[in-house]
Amino acid sequence: MLICCDDQELSATSTTLPPEVNETTIYTYISTQSSYHLCTMQIYNRLISSPVPSATELMSLDDEHIERWRNCLPHYYCDDDLQLPRQYLLGHSIGRWRFRLLRIIMYRPFLIRWAQHGSDSLPSPSSPYPREHSESLAAENIATTRCFRAAEECISALFRFWTLGTHTRLAAWYVLCVVCLFPLLSSM
Amino acid sequence: MLAYGVSNKATVTPGLSVGRASIPHDFPSSERSSSGPPSQTGHVTISPQHYADALLASRSDPGENLDVGLSSPKLSRSNAANSAVLPFESLPPAADDDFEWDERESSWNLSDSGGRNFALDSGIEIDVPKLSDGMATLAADSNTGFFGSVSGAALLRLIWMSTANTDGAAEKSDKRDEHRKYLEQLFEHQSIDHPSPSLWLRTQPLLTRAVIDTLVDAYFALYHPTFPILHEPTFREQYSKLDGRPGGSTWNILASLVAALGSFVSSTCSDDTDITLFNAVKARLSIESLETGNLTLVQAFAMAANYLQKRNRPNSGYNYGGIALRLAISLGLHKEFHGWETTLLKKEIRRRVWWSLCVLDVGSTVTYGRPLNWPQVGIEAALPLNIHEEVSRPLQSSKFFFSFSFSSVFPRLIPSANML
């Protein structure tokens, strides 16, 4: 069984690195996801630390890290409904869901609070806590909106993948685990 | 070649560009480590409303530069005393929950008429394993391991507890039991529809070379694109020879894992071939496997971690993944060695292994809401090159029939009469 090699490929006998290509390869998913994790570790560490981050802080972290990472994705692998070869669809889709799931986790406490207090997000008169500053209240409302938007986009991306992608057990595993979160949220 | 020295709070423009990518990250400073123990004031129940209000009580003013360093337990306790409610993290576990877990699954389990399982060799009665999902979304019951506040399990637990916090003690426990029974019924329904591994074992066919070929092809076609930890051309070359392979039995472990994952990803029914193959992997792994280190073992433990997660054993996968990470660091996969006179391919394979492990380990740890084990300083490894790899595929069906014993998939090969 012969293994084809040419100057554009890396083999055991290569003495120079081949040039990278401007299209999706078998390593694009790993590279982009690795950079995603490196960019968002700080957010995750903040989420699991005390004190609980404010909406303002979370949105700042979101803009600085998640959104910046998203905007720096290569054009052939950007956060869009791309026409990729079938073998790359799952990886690309997972990438699109993953950062949106992080946003949902970041902002869901504010969504929960909004769901409890209503659209004006005001605490009840009997609440023992001081009335919220209007700026932080506005930030929480924006955070709630971001949570909804992330969920909506996630569902849309999921639906697209399930329509176009190969339905393997692996794909089903990812889709089901992501989909589980939404009924949990809606049951609050 | 990239030589990125990680420094505290170093800011690098993230993302990929054509050419060797630099590492995009903002590593937190060493001072910004995890907080101290969460505040606890005993078993206080909390509703989502209380949780949300607790955010207001414990939060600093907007715009303040929050220090996420070690918070003093005294400060945490005073916050709790002022708020009279607990932050999300402090939802108390059940009285009988000490977070211990057991995801073991004996390969020789056979069902008796009473529905209990017995280990064939030991005769020890083993309970039906508790079903769980690989992302631990439904692990809200007790004794399933620790899953942090950002995990799906925590959200489910919050929902259960909020449902229990309705007026009327009888209504509280009724609703909680109702939820629990609903989930249990869901799992029982699943096990009726899909036969247990024990039933499959009784009718297990021989794993022929042709079958394994198919599974290997399936792995590289369907699984490898999201987990390219192996170098496909090298693996296929070694597989085609089935002798002289590096690592001896370690390579057998790897090949069994490739077949197991290939079976998992390609099966369209309740086929448990992958369980058989994974049990062959476990039969070859011993405690001595922890006393040696090579790249093949890193790949094997990482693939095993991946497999276990996908097979809904999150804690087991977490353990295997931890071993893979430690092995990888012990081999220096996180570093770049300038002047190292080895092949460029070998160096690039090491990077691919390292970053595949990153996606696996960080991804699963975040999913479980656990503190990261991934090193946040000292990483130099460049991201993998965005290049294509030409591989001659698929494997042709072998002219010969090889039979494999059940206990190990790639042992001494038994040639057919045609060969003799």
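Residues numbered from 1 in each chain as written. Chains lettered and ligands numbered in written order. Predicted model: local features only at pLDDT ≥ 70, side-chain atom pairs only at ≥ 80, totals over all residues. Heavy atoms only, no water.

A. Examining the overall build of chain A more closely. In terms of regular secondary structure, chain A is built from 5 helices and 0 strands. Each helix and strand of chain A, ordered N terminal to C terminal, gives the series α-α-α-α-α. Counting the 188 residues in chain A, one finds 59% classified as buried. The long-range share in chain A, meaning contacts at least 24 apart out of those at least 6 apart in sequence, stands at 68%. Split by element, the accessible area of chain A, about 8,100 Å² in all, is 57% carbon and sulfur. (Helix = DSSP H or I, 4+ residues; strand = E, 2+ residues; numbered from the N terminus. Buried < 20%, exposed > 50% of the residue type's maximum accessible area, 1.4 Å probe, protein only. Contact = heavy atoms within 4.5 Å. Areas by Shrake-Rupley, 256 points an atom, 1.4 Å probe, with all protein chains shown as cover.)

B. Structural context of the confidence of the model for chain B. Residue and element names in this part refer to chain B. Mean pLDDT over chain B stands at 67; residues scoring 70 or higher make up 49%. Segment residues 21-90: pLDDT under 50, and 144 contacts once partners within four positions in sequence are set aside and those in other chains are kept. Scoring of the predicted complex yields 0.72 for pTM and 0.88 for ipTM. (pLDDT = per-residue confidence, 0-100.)

C. Representation of the nonpolar core. Core analysis: the biggest nonpolar cluster contains 118 residues, and A:Trp97 and B:Met303 have the highest contact counts within it. Apart from the residues within four sequence positions on either side, B:Met303 is in contact with B:Tyr219, B:Phe227, B:Ile229, B:Leu230, B:Leu254, B:Leu257, B:Val258 and B:Leu261. (Core = buried A, V, L, I, M, F, W, Y, C linked by side-chain atoms within 4.5 Å.)

D. Fine view of the packing of aromatic side chains. Applying the stated criterion across every chain yields a total of 21 aromatic pairs over all chains. Each ring, one from A:Trp114 and one from A:Phe148, has its centre 5.4 Å from the other, and the planes form 85°; the classification is edge-to-face. Of this pair, A:Trp114 sits in helix 3 (residues 86-117) while A:Phe148 sits in helix 4 (residues 134-164); the two residues are 34 residues apart in sequence, bridging distant segments of the chain. On the basis of relative accessibility, which here comes to 29%, the residue A:Trp114 falls in the partly exposed class. A residue is classified by how much of its surface remains accessible, and A:Phe148, at 41% relative accessible area, is partly exposed. Between A:Trp173 and A:Tyr174, the aromatic rings sit 5.0 Å apart at their centres with planes inclined by 90°, giving edge-to-face as the arrangement. Accessibility classification places A:Trp173 together with A:Tyr174 in one group, the buried group. Among the aromatic side chains, those forming a connected cluster through ring pairs are B:Tyr219, B:Phe220, B:Tyr223, B:Phe235, B:Tyr239 and B:Trp251. Against the face of A:Trp173 rests B:Lys310, its NZ or CZ located 4.6 Å from the ring centre. (Phe/Tyr/Trp six-rings, centres within 6.5 Å; stacked < 30°, edge-to-face > 60°. Lys NZ or Arg CZ within 6 Å of the ring centre and 35° of its normal.)

E. Fine view of helix 7 (residues 232-241) of chain B. Of all the positions in helix 7 of chain B, only B:Glu232, B:Pro233, B:Phe235, B:Arg236, B:Gln238 and B:Tyr239 are classed as buried. Of the surrounding elements, those touching the buried residues of helix 7 of chain B are helix 6 (209-223) and helix 8 (249-266) of chain B.

F. Representation of the pattern of salt bridges within the structure. Tallying each qualifying case throughout the model produces 25 salt bridges over all chains. Residue A:Asp62 is joined to A:Arg103 by a salt bridge in which the shortest nitrogen-to-oxygen separation is 2.9 Å. Placement of the pair is A:Asp62 in helix 2 (residues 55-71) and A:Arg103 in helix 3, with a sequence separation of 41 residues. Residue A:Asp62 is classed as buried on the basis of its relative accessible area of 1%. Looking at A:Arg103, the relative accessible area reads 11%, which means it is buried. Close ionic contact of B:Asp213 with B:Arg209 constitutes a salt bridge, the shortest N to O distance being 3.0 Å. (Salt bridge = Lys/Arg side-chain N within 4 Å of Asp/Glu carboxyl O.)

G. Structural view of the packing of helix 2 of chain A against helix 4 of chain A. All names here are of chain A. Helix 4 packs onto helix 2 with a crossing angle of 50° between their chain directions and a minimal axis gap of 8 Å. Of the possible angle classes, the one that applies to helix 2 and helix 4 is oblique. By crossing handedness, the relation of helix 2 to helix 4 is classed as left-handed. Residue-level contacts link Ala55, Thr56, Met59, Asp62 and Asp63 of helix 2 to Ala139, Glu140, Ile142, Ala143 and Arg146 of helix 4. The class makeup of the residues in the contact of helix 2 with helix 4 is 5 nonpolar, 1 polar and 4 charged. (Axes fitted to C-alpha atoms, helices over the stretch in contact; angles between N-to-C directions. Parallel < 35°, antiparallel > 145°, perpendicular 65-115°, else oblique. Left-handed = near helix turned anticlockwise from the far one by under 90°. Nonpolar A, V, L, I, M, F, W, Y, C, P; charged D, E, K, R; others polar.)

H. Inspection of the confidence of the model for chain A at higher detail. In the predicted model, chain A carries a mean pLDDT of 85, and the fraction of residues at 70 or more is 84%. Long-range and interchain partners of residues 1-6 of chain A, a stretch whose pLDDT sits below 50, account for 11 contacts in this model, where long-range means more than four residues apart.

I. Main features of helix 3 of chain A. Given a rise of 1.5 Å per residue, 32 residues ought to cover 46 Å, and the 45 Å separating the end C-alpha atoms of helix 3 of chain A matches this to within 8%. The sharpest bend along helix 3 of chain A reaches about 50° and sits at A:Tyr107, with the proline A:Pro109 one to four residues further on. (Expected span 1.5 Å × (residues − 1). Bend = angle between axes of the 7 residues up to and from the residue.)

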